[in-house]
Amino acid sequence: MDFNLTEEHLMIQQAARDFAQNELLPGVIERDEKQIFPTEQVKKMGQLGFMGMMVDPKYGGSGLDAISYVIAMEEISKVDASASVVMSVNNSLVCWGLQEFGTEEQKQKYLPGLASGEIHGAFCLSEPEAGSDATSQKTTAIDMGDHYLVNGTKNWITNGNTASVYLVIAQTHPEKKHKGINALIMTKDMPGFSIGPKEQKMGIRGSDTHSLMFSDVKVPKENRIGEDGFGFKFAMKTLAGGRIGIASQALGIASGAYELALNYSKVRKAFGTEICNHQAIAFKLADMAVNIEAARHLCMKAAWDKDQGKNYDVSGAMAKLFASQVAMDTAVEAVQIHGGNGYVKEYHVERFMRDAKITQIYEGTSEIQKIVISRSVIAG
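Residues numbered from 1 in each chain as written. Predicted model: local features only at pLDDT ≥ 70, side-chain atom pairs only at ≥ 80, totals over all residues. Heavy atoms only, no water.

What follows deals with the overall build of the chain. Looking only at helices and strands, the chain has eleven helices and ten strands in total. Here the C-alpha radius of gyration of the chain, 21 Å, is about what a compact globule of 380 residues would show, namely 21 Å. With the C-alpha coordinates of the chain rotated into their principal frame, the extents come out at 80 × 45 × 40 Å. When burial is assessed residue by residue, the chain has 55% of its 380 residues classed as buried. (Helix = DSSP H or I, 4+ residues; strand = E, 2+ residues; numbered from the N terminus. Rg over C-alpha atoms; globule rule 2.2 N^0.38 Å. Buried < 20%, exposed > 50% of the residue type's maximum accessible area, 1.4 Å probe, protein only.)

A few words on empty space enclosed by the protein. Summed over all chains, the structure comprises two cavities of 30 Å³ or more. Considering only enclosed or pocket space, the largest cavity measures out at about 60 Å³ in volume. If you tally residues by element for the lining of the largest cavity, the top one is helix α2 (residues 28-34), at three residues. In the lining of the largest cavity, the residues fall into four nonpolar, two polar and six charged. Taken as a whole, the second largest cavity encloses approximately 40 Å³ of empty space. Forming the walls of the second largest cavity are Met54, Val55, Asn91, Cys95, Trp96 and Gln99. (1 Å grid on protein atoms, 1.4 Å probe; cavity = no way out; pocket = protein on both sides within 12 Å on 5 of 7 lines; lining within 4 Å. Points joined across faces, edges and corners; volume = space filled by probe spheres on them. Nonpolar A, V, L, I, M, F, W, Y, C, P; charged D, E, K, R; others polar.)

Feature annotation in UniProt assigns "domain: Acyl-CoA oxidase/dehydrogenase middle" (unreviewed entry) to the following positions: residues 122-217. Here residues 122-217 runs as 0% helix and 49% strand, with 17 Å between its end C-alpha atoms. (UniProt positions renumbered as here; feature names shortened; annotations may be inferred.)

Looking now at the nonpolar core. Among the nonpolar cores identified, the biggest contains 91 residues, and Met45, Phe50, Met87, Leu98 and Leu167 are the most heavily contacted of them. Looking at this core element by element, the count peaks at 16 residues for helix α7 (residues 231-265). Setting aside residues up to four positions removed in sequence, Met45 forms contacts with Phe19, Phe50, Met51, Ile76, Ala83 and Met87. (Core = buried A, V, L, I, M, F, W, Y, C linked by side-chain atoms within 4.5 Å. Contact = heavy atoms within 4.5 Å.)

On to the pattern of salt bridges. Applying the stated criterion to the full structure yields 17 salt bridges. Residue Glu333 is joined to Lys284 by a salt bridge in which the shortest nitrogen-to-oxygen separation is 3.1 Å. Of the two residues, Glu333 sits in helix α9 (residues 313-338) while Lys284 sits in helix α8 (residues 279-307), which places them 49 residues apart along the sequence. Between Asp305 and Lys301 there is a salt bridge, with its nearest N and O atoms 2.9 Å apart. Note that Asp305 and Lys301 are positioned in helix α8 at a spacing of four residues, about one turn of the helix. The exposure class of Lys301 is partly exposed, given its relative accessible area of 43%. One salt-bridge network, held together by shared partners, links Arg17, Glu75, Lys78 and Glu259. (Salt bridge = Lys/Arg side-chain N within 4 Å of Asp/Glu carboxyl O.)

Looking now at the layout of surface pockets. Space inside the largest pocket adds up to approximately 1,300 Å³. Around the largest pocket, the lining is made up of 44 residues, and of these Leu125, Leu239, Arg243, Glu363 and Gly364 lie nearest the centre. Every element with two or more residues in the lining of the largest pocket is listed here: α5 (81-101), β3 (147-158), α7, α9 and α11 (366-379). In this structure, the second largest pocket encloses a volume near 580 Å³. Every residue lining the second largest pocket is counted, 17 residues in all, and those nearest its centre are Asp2, Phe3, His297, Met300 and Lys301. Broken down by secondary-structure element, the contributors of at least two residues to the lining of the second largest pocket are α1 (7-24), α4 (66-77) and α8. Here the residues of the lining of the second largest pocket sort into seven nonpolar, five polar and five charged.

Turning our eyes to something else, we now look at the packing of aromatic side chains. Following the criterion strictly, the structure yields nine aromatic pairs and no others. Plain terms: the ring middles of Phe123 and Phe234 are 6.4 Å apart, the flat faces sit at 35° to each other, and that makes the pair tilted. Linking Phe123 in strand β1 (residues 121-124) with Phe234 in helix α7, this pair joins segments that are 111 residues apart in sequence. Phe234 matches Phe123 in its accessibility class, with the two residues each being buried. With 6.1 Å between their ring centres and 90° between their planes, Tyr264 and Tyr347 make a pair best called edge-to-face. (Phe/Tyr/Trp six-rings, centres within 6.5 Å; stacked < 30°, edge-to-face > 60°.)

Moving on, we come to α5. Along its 21 residues, α5 runs 28 Å from first to last C-alpha, staying within 8% of the 30 Å computed at 1.5 Å per residue. At Cys95, α5 is bent by approximately 30°, the largest bend along its length. Looking at where α5 begins, the residue whose side-chain oxygen comes 3.0 Å from the main-chain nitrogen of Ser82 is Asp80. (Expected span 1.5 Å × (residues − 1). Bend = angle between axes of the 7 residues up to and from the residue. Polar contact = N/O pair within 3.5 Å; in protein donor to acceptor, adjacent residues only side chain to side chain.)

Here α11 is 14 residues long and its end C-alpha atoms lie 20 Å apart, about the 20 Å a rise of 1.5 Å per residue gives. Among all positions of α11, only Ser366, Ile368, Gln369 and Ile373 are buried. On its buried face, α11 is in contact with α7 and α9.

Printed below as a string of structure tokens:
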């Protein structure tokens, strides 16, 4: 075992930290309050290589490992989870899915723009009746010979209006159930593709979340990813990696809230001394530190499994389950440590508390992670 980061990892950590502090922190409260998508900041993330971290350099990516990705996600999520979820979806779901399972033509066509941040993508699985039950796809992709005719609705799509490339999961052969599902590459300029209003969310309000509607959208056959019927397997394999990204986002939210609470506790005085000197506060800080460190190790283990070519379904699920709970618990305690100031926007921790909750829901709820883990435990 080696728990030390390499020099390259430390450089990536510092670069992500500097970017978060210098580019994301200014204006983060306003973007949250007014639901402003971080357009310029996302472009700069692309220029720094954060939008295609694990993409092969021959497609314009950074060619880095999953551990580098976890490190960068944590640092960026410490400041702005709305920006980090754009990065997570683009890296874990869109770029990785295309690079791993796309044809050479698909990779050449889409990956360079996605990896550079010139454009970004969206992953379209959830529907009104297909959230945790991803097998119940009502969006249809009827085989018309040289193209598919797509009809249906997708809900809660991150980057829903700002994306240029959409990976859409749809049912082609209902009689085959989950084995009849396909994954298709779509673009918003396709006739019949429309975008619903922006969702009014509790947290990650700078993130661009919409419903998508498809009405007789013609999608060329060459836009299908993998063999006919591969769509559900594609979605599950891709989401397994996406959970590492969201676990890292949760870790960053927890770390950011903890650092703010720790710093505040050293300057805020009560009963004649800094509040960090009171055992009630000191013990909260100790619990935060332990849980964050444990979450970090789980995230790193899942990333290491991925880098080593090992199965990371369970380690990714464990990382997401635990880190998302730590994010929620830490953010709530950070607000408590700040007292009345914790309820005020300018101190940031109330935003962390609102942002933390979604990490327990999207890309597989905590309950779904427990299903994945328990099945593995029982099977031995």
